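Chain by chain, the residues:
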Amino acid sequence: MSTAADPLARAQTLAPDTYTSTDFYAREVETIFRRSWICFGREDWLPNAGDYFAFERFGEPLVALRDDAGAVRVLSNVCRHRWHRVAEGRGNRRSLQCKYHLWTYGLDGRLLGAPQMERAEGFERASCRLPELRVERWHGWLYLSFDPNAEPLAPQLSGLERHIAPYQPERMRSLAPLEYDSTWNWKVMIENFLESYHVGGIHPETLEPGFPGVVTWAEDSDGPWSVLHNPTRGGQPSPALYPVTTGLSESQRADFLVCCAFPLHLFAANPDSAAWYEILPHGALHFTLRVHVCVPPGVTDEQGEMLRSFIDAVHREDIAACTSVQAGLRSRLAARGRLSHLEKALWQFHRWLAERAST
């Protein structure tokens, strides 16, 4: 990443081995993922007190829930007795109970019950609780951090906030996700998402007719984020499947934004909808991608299927491109390439990665 400090006009890609090395990926987990804010869900996934869902991030079993006071928490999903999980799947519960030996925890992580422990000398129920991670909420999305000393998220995204707030993604509701098993490096996915330079070649019939790639441009960034504008051809209002968000300017109605809150939160803000690309890395060459389509209140699942189908068609075109890129990265002849001015968001991402990797 030594060239990341170069200005955009002289910028190069990252070195090919940063996309293929298992050792480099292990370093990314420790220096980037576990020290950053990671988006893990949406507010509307937990509408009521007691709602929960179990999940994992970077091998860590976790459970997200909404407690009786309405706060969203992320707790360890590992019993403090002998490590069985305390929650599976999703649902609504008044407490979390390990099925192995029936230890029971409150929605705040406190140990409420531990059968047959009265003879354990020095055992203090009050000091035995499920570890808890920090959580922040931002425009309907939920973030966690494994780092207790991480700087608060919202101030870091204040610049991004100015661009996203008019689209009001927090008012959208989530549809069932599209899921893809992806056999390439997670950074290839980030980079593909953050540039529309490839639209003319990879999406000539889906995106290029309405949103030509050569007129796209990225905002200057003052934090861990990038925003890429995708204006419509001729400045016409963007085609809308659903009611357009009120209060948008004429230029905002003729544009859609593709954004990244580094390292992993990819999302698109459209005048009538939003989409979130949830990346779940499993290693240097494998991740699961879940695309969550978000639509305005009142739009039915059946109506939402139109947008889900379109996004699926576009992403299947991207699958072919990303698969080819990863094959090229394995070549012994692969080397750094030069970046176009249309890849400014990649340059911003690379500079942020270099800074994090050096700490």
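Residues numbered from 1 in each chain as written. Predicted model: local features only at pLDDT ≥ 70, side-chain atom pairs only at ≥ 80, totals over all residues. Heavy atoms only, no water.

A. The packing of aromatic side chains, seen in detail. On inspection of all chains with the given rule, the structure shows 19 aromatic pairs. Both rings, one in Trp 184 and one in Phe 287, keep their centres 5.6 Å apart while their planes meet at 85°; by these two values the pair is edge-to-face. Taken together, the positions of Trp 184 in the loop between strand E12 (178-182) and helix H4 (186-193) and Phe 287 in strand E18 (residues 286-295) put the pair 103 residues apart, joining distant regions of the chain. Residue classification places Phe 287 among the buried positions, given a relative accessible area of 0%. Centre to centre, the rings of Phe 262 and Trp 352 are 5.5 Å apart; their planes meet at 50°, and the pair counts as tilted. Pair noted here: Phe 262 is in the loop between strand E15 (255-261) and strand E16 (265-269) and Trp 352 is in helix H8 (residues 344-357), with a separation of 90 residues, a long-range link. (Phe/Tyr/Trp six-rings, centres within 6.5 Å; stacked < 30°, edge-to-face > 60°. Helix = DSSP H or I, 4+ residues; strand = E, 2+ residues; numbered from the N terminus. Buried < 20%, exposed > 50% of the residue type's maximum accessible area, 1.4 Å probe, protein only.)

B. Quick peek at the packing of H4 against H8. Contact geometry of H4 with H8 gives a least axis separation of 9 Å together with a crossing angle of 145°. Residues Trp 186, Lys 187, Ile 190 and Glu 191 of H4 form the contact with H8, whose own contacting residues are Leu 346, Phe 349, His 350 and Leu 353. Grouping the constituent residues of the contact of H4 with H8 by class yields 5 nonpolar, 1 polar and 2 charged. (Axes fitted to C-alpha atoms, helices over the stretch in contact; angles between N-to-C directions. Contact = heavy atoms within 4.5 Å. Nonpolar A, V, L, I, M, F, W, Y, C, P; charged D, E, K, R; others polar.)

C. Inspection of the sheet that holds strand E9 (residues 132-138) at higher detail. Strand order in this open sheet of 7 strands is E1-E10-E9-E4-E3-E2-E5, and the pairing throughout is antiparallel. One side of each edge strand has no neighbouring strand; the edge strands of this open sheet are strand E1 (38-42) and strand E5 (90-92). The average undirected angle you get between the axes of adjacent strands in this sheet is 30°. Bridge count for strand E2 (residues 51-57) against strand E3 (residues 60-66) is 6 bridges, and the pairing is antiparallel. Considered in E3, the bridge of Phe 53 is made with Ala 64. (Pairing = 2+ DSSP bridges.)

D. Structural detail: H8. In this model, H8 (14 residues) spans 20 Å end to end at C-alpha, consistent with the 20 Å of a helix rising 1.5 Å per residue. For H8, the tally of buried residues reaches 11 of 14 residues, placing the bulk of the element in the interior. Every buried residue of H8 is listed here: Lys 344, Ala 345, Leu 346, Trp 347, Gln 348, Phe 349, His 350, Trp 352, Leu 353, Ala 354 and Ala 357. For H8, the elements touching its buried residues are helix H1 (22-31), H4, strand E13 (217-218) and strand E14 (225-231). (Expected span 1.5 Å × (residues − 1).)

E. Inspection of the nonpolar core at higher detail. Ranked by internal contacts, the top residues of the largest apolar core, which has 85 residues, are Phe 40, Tyr 143, Leu 144, Leu 160, Trp 186, Tyr 277 and Ile 279. Discounting chain neighbours no more than four positions away, the residues touching Ile 279 are Trp 186, Met 189, Ile 190, Leu 264, Leu 266, Phe 287, Thr 288 and Leu 289. Counting 16 residues, the second-largest nonpolar core is a separate cluster that includes Tyr 52, Ala 87, Leu 96 and Cys 98. (Core = buried A, V, L, I, M, F, W, Y, C linked by side-chain atoms within 4.5 Å.)

F. Representation of the sheet that holds strand E8 (residues 111-113) within the structure. Spatial ordering of the open sheet is given by E6-E7-E8, a layout of 3 strands whose pairing is antiparallel. Edge positions in the sheet fall to strand E6 (96-97) and E8, since each of these pairs with one other strand and no more.

G. Spotlight on the pairing of E14. Counting buried positions along E14 gives 7 out of 7 residues, so the element sits mostly inside the fold. With burial as the criterion, each face of E14 is covered, one bearing Trp 225, Val 227, His 229 and Pro 231 and the other bearing Ser 226, Leu 228 and Asn 230. For E13 and E14, the ladder comprises 2 bridges, and the chain directions are antiparallel. Residue Ala 218 lies in a different strand from E14, and its bridge partner there is Leu 228. The hairpin turn running from E13 into E14, its antiparallel successor, is 6 residues long. Relative to E15, E14 runs antiparallel, the two sharing 7 bridges.

H. Spotlight on the packing of H4 against helix H7 (residues 301-329). Here H4 crosses H7 at 130°, and the two axes come no closer than 10 Å. With respect to each other, H4 and H7 are oriented oblique. When the axes of H4 and H7 are compared, the crossing they make is right-handed. Only His 315, Asp 318, Cys 322, Val 325, Gln 326 and Leu 329 of H7 make contact with H4, whose side of the interface consists of Val 188, Met 189 and Asn 192. (Parallel < 35°, antiparallel > 145°, perpendicular 65-115°, else oblique. Left-handed = near helix turned anticlockwise from the far one by under 90°.)

I. The state of the cysteines, seen in detail. The final tally for this structure, using the stated rule, is 0 disulfides. Considering cysteine sulfurs only, Cys 79 is the nearest to Cys 98, which forms no disulfide, with 4.0 Å between them. Under the relative-accessibility criterion, Cys 98 is labelled buried at 2%. (Disulfide = S-S within 2.5 Å.)

J. Main features of H4. Of all 8 residues making up H4, 8 are buried, and the element is well covered by its neighbours. By the burial criterion, the buried members of H4 are Trp 186, Lys 187, Val 188, Met 189, Ile 190, Glu 191, Asn 192 and Phe 193.

By themselves, these figures tell us nothing about what the structure is for.
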